[in-house]
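Below, each chain spelled out in residue letters.
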Amino acid sequence: MKVINAFVVLVVVIAIALPAYLWNEAKTDFSHKRQYERNWQLQLPSKFKELDQYTNQGGFRGEGLRYTIFRTKEKQLSSILKSTGGRKRIVNYSGDTLHDNERDIQKYVENTLQPLDVPEDKTPDFNGVYSWQDFNYESDRLVVLYYPNKNICYFVEDLR
């Protein structure tokens, strides 16, 4: 009798815990933050909070434009975006406000945001102080702008 009671309790615990675990995994696996981590082999801090996202991605493979705004508590860009390594050979460039022209960061961001109809108050302020990272893989590109005074990160992605 004790064995049957223990078995029933075990089945009930599993019946409650397993769906809760699967739901939590599904929720975190399909977050926008997780998509950036998978697509670009990056490890983003857990303290990233998504504020807004604009996208025109419609293809099965996720091609298109995506613009996401995150708030962070991190103080340095280099500590925010860490590569997890992997099979993709992703070319990475970085700089700050003074080195913007060498990669045409401002022009790329403005051209990418134009078809997304992003409101003016949600676009990066290129007159402020910021750091950037530029990731390239084949014809795909991700530019991340970090504004330390605001603790805001802008992710601008073009997947082709």
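Values in this document were obtained by computation on a predicted structure and should not be read as measured data.

A.B. asks: Describe unusual backbone geometry, and please don't skip the residues or the numbers.
C.D. replies: The phi dihedral of Gln41 falls on the positive side, at around 55°, and the residue is not glycine. Within the secondary structure, Gln41 is located in the loop between helix H2 (32-40) and strand E1 (42-43). The phi dihedral of Asp117 is positive, around 55°, even though this residue is not glycine. If you trace the backbone, Asp117 turns up in the loop between helix H4 (105-113) and strand E6 (131-137). Residue Asp117 is classed as exposed on the basis of its relative accessible area of 65%.

A.B. asks: I'd love a proper account of the nonpolar core, names of residues and values included.
C.D. replies: One broad trend across soluble globular proteins is that nonpolar side chains are buried collectively. One finds Tyr67, Val109, Leu116, Leu145 and Tyr154 to be the most contacted residues of the largest nonpolar core, which totals 19 residues. At the level of elements, strand E3 (64-71), H4, strand E7 (140-147) and strand E8 (152-159) are the ones that each hand at least two residues to this core. Looking at this core, the element that brings in the most residues is H4, giving four residues. When sequence neighbours within four positions are dropped, the list of residues in contact with Leu145 reads Ile105, Val109, Pro124, Phe126, Tyr130, Ser131, Trp132, Ile152, Cys153 and Tyr154. Ranked by size, the runner-up nonpolar core spans 14 residues in total, among them Trp40, Leu42, Phe135 and Cys153.

A.B. asks: Explain the sheet that holds strand E5 (residues 91-96) to me, using residue names and the numbers behind them.
C.D. replies: Here six strands make up an open sheet; going across it, the order is E2-E3-E8-E7-E6-E5 and the pairing antiparallel. Two strands close off the open sheet at either side, each with one partner strand: strand E2 (49-55) and E5. Direction aside, neighbouring strands of the sheet carry axes that sit 15° apart on average. When E6 meets E7, the two strands line up antiparallel, connected through seven bridges. When the bridges of E7 are listed, Ser131 appears paired with Tyr146. Against the sheet, H2 makes contact with E2, E3, E6, E7 and E8, and its axis sits at roughly 120° relative to E3, the strand it touches most.

A.B. asks: Could you give me a rundown of the packing of aromatic side chains, with the residues and numbers involved?
C.D. replies: Here the distance between the centres and the angle between the planes together describe a pair of aromatic rings. All told, the structure shown has ten aromatic pairs when counted by the stated rule. Here the guanidinium or amino end of Arg66 rests over the ring plane of Tyr36, the centre of that ring lying 4.4 Å away. When the ring centre of Tyr147 is taken as reference, the NZ or CZ atom of Lys150 above it lies at 5.4 Å.

Conventions used here
- Residues numbered from 1 in each chain as written.
- Predicted model: local features only at pLDDT ≥ 70, side-chain atom pairs only at ≥ 80, totals over all residues.
- Heavy atoms only, no water.
- Helix = DSSP H or I, 4+ residues; strand = E, 2+ residues; numbered from the N terminus.
- Buried < 20%, exposed > 50% of the residue type's maximum accessible area, 1.4 Å probe, protein only.
- Core = buried A, V, L, I, M, F, W, Y, C linked by side-chain atoms within 4.5 Å.
- Contact = heavy atoms within 4.5 Å.
- Pairing = 2+ DSSP bridges.
- Axes fitted to C-alpha atoms, helices over the stretch in contact; angles between N-to-C directions.
- Phe/Tyr/Trp six-rings, centres within 6.5 Å; stacked < 30°, edge-to-face > 60°.
- Lys NZ or Arg CZ within 6 Å of the ring centre and 35° of its normal.

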